[in-house]
Amino acid sequence: MSYASPRGGAAAMKDRRRDIRTDAALKVSVTHPSFGTIVTTTRDVSDGGTFISVADRRKLPLGSIVTVQIMDSPQQAPVLRMRVVRLEKEGMGLAFVGE
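Residues numbered from 1 in each chain as written. Predicted model: local features only at pLDDT ≥ 70, side-chain atom pairs only at ≥ 80, totals over all residues. Heavy atoms only, no water.

Topic: the pattern of salt bridges
Line of reasoning, step 1. Evaluated as defined, the whole model comprises seven salt bridges.
Line of reasoning, step 2. Measuring nitrogen to oxygen at the nearest pair gives 3.5 Å for the salt bridge that ties Arg 43 to Glu 88. With Arg 43 in strand β3 (residues 36-45) and Glu 88 in strand β6 (residues 80-88), this residue pair connects regions lying 45 residues apart in the sequence.
Line of reasoning, step 3. Residue class for Arg 43 comes out partly exposed when judged on its relative accessible area of 22%.
Line of reasoning, step 4. A salt bridge links Arg 86 to Glu 88, with the nearest nitrogen and oxygen atoms 2.9 Å apart. (Salt bridge = Lys/Arg side-chain N within 4 Å of Asp/Glu carboxyl O. Helix = DSSP H or I, 4+ residues; strand = E, 2+ residues; numbered from the N terminus. Buried < 20%, exposed > 50% of the residue type's maximum accessible area, 1.4 Å probe, protein only.)

Below you can see the structure in the form of structure tokens.
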């Protein structure tokens, strides 16, 4: 199943993601051995993952595993394992990793 991206452009022409994405700017911490822990924001979220904004120097190879935790939540959010599945100029697409 395919959904058009609300952002338009090439992504709207052929979007192969399975889950509907919702724009959401959430403050998250992202941890990986190559850069430690950084704080950034999400661009969108879905049942399958999220897209985070990161600088080029922080981008990881496809397939890399990171841990992500939502910050500023009324309750402590769980720490989630996620895999880098997409790289764009603005950041990285991350998919949830099953246990």
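Still more ground to cover, so stick around.
Thoughts on the pairing of β3
Line of reasoning, step 1. With two bridges joining them, strand β1 (residues 22-23) and β3 adopt antiparallel strand pairing. Across the sheet, the residue bridging to Asp 23 is Asp 44, located in β3.
Line of reasoning, step 2. Note that strand β2 (residues 27-32) and β3 share six bridges and pair antiparallel. Directly across from Lys 27, in β3, lies its bridge partner Thr 41.
Line of reasoning, step 3. Where β2 folds back on β3, the antiparallel hairpin that results is connected by three residues.
Line of reasoning, step 4. As paired strands, β3 and strand β4 (residues 49-53) are joined by three bridges and run antiparallel to one another. Residue pairing for β4: Asp 44 is matched across the bridge by Phe 51.
Line of reasoning, step 5. Between β3 and β4, which pair antiparallel and follow one another directly, the connecting turn spans three residues. (Pairing = 2+ DSSP bridges.)

Considering the packing of aromatic side chains
Line of reasoning, step 1. Tallying each qualifying case throughout the model produces zero aromatic pairs.
Line of reasoning, step 2. Its end group placed over the ring of Phe 51, Arg 43 keeps NZ or CZ at 3.8 Å from the ring centre. (Phe/Tyr/Trp six-rings, centres within 6.5 Å; stacked < 30°, edge-to-face > 60°. Lys NZ or Arg CZ within 6 Å of the ring centre and 35° of its normal.)

Considering the nonpolar core
Most often, soluble globular proteins have nonpolar side chains that are buried together.
Line of reasoning, step 1. By size, the foremost hydrophobic cluster in this structure holds 13 residues, and its most contacted members are Val 30, Ile 52, Leu 60, Val 66, Val 68, Met 92 and Leu 94.
Line of reasoning, step 2. Where this core is concerned, the elements lending two or more residues are β2, β5 (65-70), β6 and β7 (91-96).
Line of reasoning, step 3. Here Leu 94 is in contact with Gly 48, Gly 49, Thr 50, Ile 52, Val 66, Val 68, Met 82, Arg 83, Val 84 and Val 85, once residues within four sequence places are set aside. (Core = buried A, V, L, I, M, F, W, Y, C linked by side-chain atoms within 4.5 Å. Contact = heavy atoms within 4.5 Å.)

Topic: the layout of surface pockets
Over the atoms, a rolled probe matching the size of one water molecule traces out where space is still vacant.
Line of reasoning, step 1. One number sums up the size of the second largest pocket: a volume of about 170 Å³.
Line of reasoning, step 2. Lining the second largest pocket we find 14 residues, and of these Val 28, Val 68, Ile 70, Leu 80 and Phe 96 sit closest to its centre.
Line of reasoning, step 3. Split by residue class, the lining of the second largest pocket holds ten nonpolar, four polar and no charged. (1 Å grid on protein atoms, 1.4 Å probe; cavity = no way out; pocket = protein on both sides within 12 Å on 5 of 7 lines; lining within 4 Å. Points joined across faces, edges and corners; volume = space filled by probe spheres on them. Nonpolar A, V, L, I, M, F, W, Y, C, P; charged D, E, K, R; others polar.)

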